[in-house]
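Structural characterization, general
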Amino acid sequence: MNKRTSIALGIAVLAPLALGAPPARGGEEVVVVANGNVPDSVALARHYMAVRGLPEKNLCVLDLPAGEAISRGMFEDRLRDPLLEFLRRGRFVSQVRRNPASVGRHETSWTTLDSSVRYLVCVYGVPVRIADTRLDLVRLLTEPRHRLRDKDGAAVDSELALLLHPGYDIRGAIQNPLFGRLSGEDLGDAGKGLIIAARLDGPDPETVRRMIDDAVSAERCGPLGRAYFDSRGLANSSYELGDFWIREAFERFTREGYEGVLDSGDPTWGEAFPMEDAAVYLGWYAESVTGPFLRPGFRFPPGAIAYHLHSSSAAELRTASRHWAGPLLARGAAATMGAVDEPFLSLTPQLNTFADRLLAGYSFGEAAYMSLASLSWQITIVGDPLYRPFRYSLDEQIAHLEQDGRPADWAYVRKINLLVRSGRFNTALAFCREKLGQGGSLVLRETLGDLYAKNDLFDEAGEQYEAILSLAGTAETALRVGARWLLILRLRGERDRAARIEKDLRARWKDSPLLPWLDTAMP
């Protein structure tokens, strides 16, 4: 079978996956898989099930190795086949045995007639990747391109997405019938029995528990903060596609009112970049975590989604210092994605699609799978697949924040930006002034200063910016706003005033690694 065809593989009378529906909080749509040899795995699985209201019968505890890698044979004998037995025994699926003569190597012995399983959630302790074990050394040396195209290693999640399909070629990548789908579309035969498989995993059990709790709490109010996008400024390159995805994702988030920051230069952001309140981060291309994420004390806000595109971004997941997926989670992100091995750019998550589906109200798991062209491949989805950060409209999110007595500054910023985009500048200005008057938020003061500056009201902008410089409690805020104001002053010819302000900033924040950011404030 050609592995680049779609996966209509003869599953009988299965209902197509329903997209856009609210995530299940019970019943039989979500099955959780834990490693019985890792006590934290079982404990975290039970915590997740309690938080999501899942019944005890939905927990499958397996006898698995504790490491991140698992051999193909062990995957089949100790993970795939026992999981299928659990699903049959619990009546999550109805299956019949296949004719033994028709069962090929690495295929299951079962044909699925019916299934209620929509999500499969592997928990910390369950292996992350299936090792590629096909090729001997001679073939590796003589046919390297063949090895890359036809390797049989894969992310465990990506393989489990096809758990209910009886037979397919494990070499290379299979087309994903969910790729690019929109609400209300019928997947037809190609999508029958497809499972959204993801994992609750990360550097340590404490991080995973926090991810579970953050995803649930953040659904009520959405991710609060800025949206950061780090592209490479590529042109006339075969890798330009990655930049296109990131630029389009930036546009999609800004259309929803997010304060978006887009960088179009290589290399990635340095340690002096004043990233702060990063509700969303999408970027590329460095081998291991770098830049602002290495600063002591850097944290994503609760519910943040962060992803760095790189061929080995999840080569190790249970680490806080190597590659990208683990370190992003260790620094507070609730969800990420990553490659366990070389995936090829076109088979990584297409971030424009991911951003669009996420903002349209789909779950993290749905949005991730809609952005993936292939399964049985290298991408692992890390985070609660039921997490719907945009379950509620912006007005509902604001109402929830106000009802809960929580700061709504970043939600107000989104509303202000949407008013500006719709041409209602005066209304946006009045709303910003009103909310600023109620609490004195530096976030809203910065937004007000930016509104003035964008409309050439520089004296009014300077009043807001200089108030922030005197009140700022973080170097990120002071040096970000300071650099912006210094640039404006120099463009207006007020170089002496700019020099005095810069001197004060350098004195106050003399020990900050962000000080070099002031060097960007030159015309």
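Since this is a predicted model, take the numbers as computed values, not measurements.

What counts, and at which threshold
- Residues numbered from 1 in each chain as written.
- Predicted model: local features only at pLDDT ≥ 70, side-chain atom pairs only at ≥ 80, totals over all residues.
- Heavy atoms only, no water.
- Pairing = 2+ DSSP bridges.
- Helix = DSSP H or I, 4+ residues; strand = E, 2+ residues; numbered from the N terminus.
- Right-handed = clockwise from strand over helix to strand, strands pointing away.
- Buried < 20%, exposed > 50% of the residue type's maximum accessible area, 1.4 Å probe, protein only.
- Polar contact = N/O pair within 3.5 Å; in protein donor to acceptor, adjacent residues only side chain to side chain.
- Axes fitted to C-alpha atoms, helices over the stretch in contact; angles between N-to-C directions.
- Disulfide = S-S within 2.5 Å.
- Expected span 1.5 Å × (residues − 1).
- Arc of directions from axis to C-beta.
- Contact = heavy atoms within 4.5 Å.

Pairing between strand S1 (residues 30-35) and strand S2 (residues 59-62): four bridges, direction parallel. Bridged to Val33 within S2 is Cys60. Crossover handedness for the path S1 to helix H1 (residues 39-52) to S2: right-handed.

With an omega of 5°, the peptide bond running from Asp266 to Pro267 counts as cis. Along the chain, Pro267 falls in the loop between strand S12 (260-263) and strand S13 (278-283). Looking along the chain, the bond that leaves Trp284 and enters Tyr285 is cis, with omega of 20°. With respect to the helices, strands and loops of the structure, Tyr285 is situated in the loop between S13 and strand S14 (305-308).

Here we come to the side chain of Arg199. Residue position: Arg199 is located in strand S10 (residues 196-200). By relative accessible area, Arg199 is classed as buried at 0%. Separated by 3.0 Å, the side chain of Arg199 and the backbone oxygen of Val126 make a polar contact. At 2.7 Å, the side chain of Arg199 forms a polar contact with the backbone oxygen of Pro127.

This paragraph deals with the sheet that holds S14. Strand order in this open sheet of four strands is S12-S11-S13-S14, and the pairing throughout is parallel. Across the chains shown, the open sheet's two edge strands, defined by having one partner strand only, are S12 and S14. Across the sheet, the axes of successive neighbouring strands diverge by a mean angle of 15°, strand direction being ignored.

The subject of this paragraph is the state of the cysteines. Inspection of every chain in the model, using the stated rule, returns zero disulfides. Just so you know, Cys122 is unpaired, no disulfide at all, and the nearest cysteine sulfur is the one on Cys60, 9.2 Å from it.

For helix H17 (residues 495-508), spanning 14 residues, the distance from its first C-alpha to its last is 20 Å, which sits close to the expected 20 Å at 1.5 Å a residue. All of the buried residues in H17 are Ala498, Ile501, Glu502 and Leu505. Seen along its axis, H17 keeps its buried residues to an arc of 100°; they face one direction. Of the residues in H17, the exposed ones pointing more than 90 degrees away from the buried face are Asp496, Arg500, Lys503 and Asp504. Looking at the buried residues of H17, the elements they touch are helix H15 (458-471) and helix H16 (475-491).

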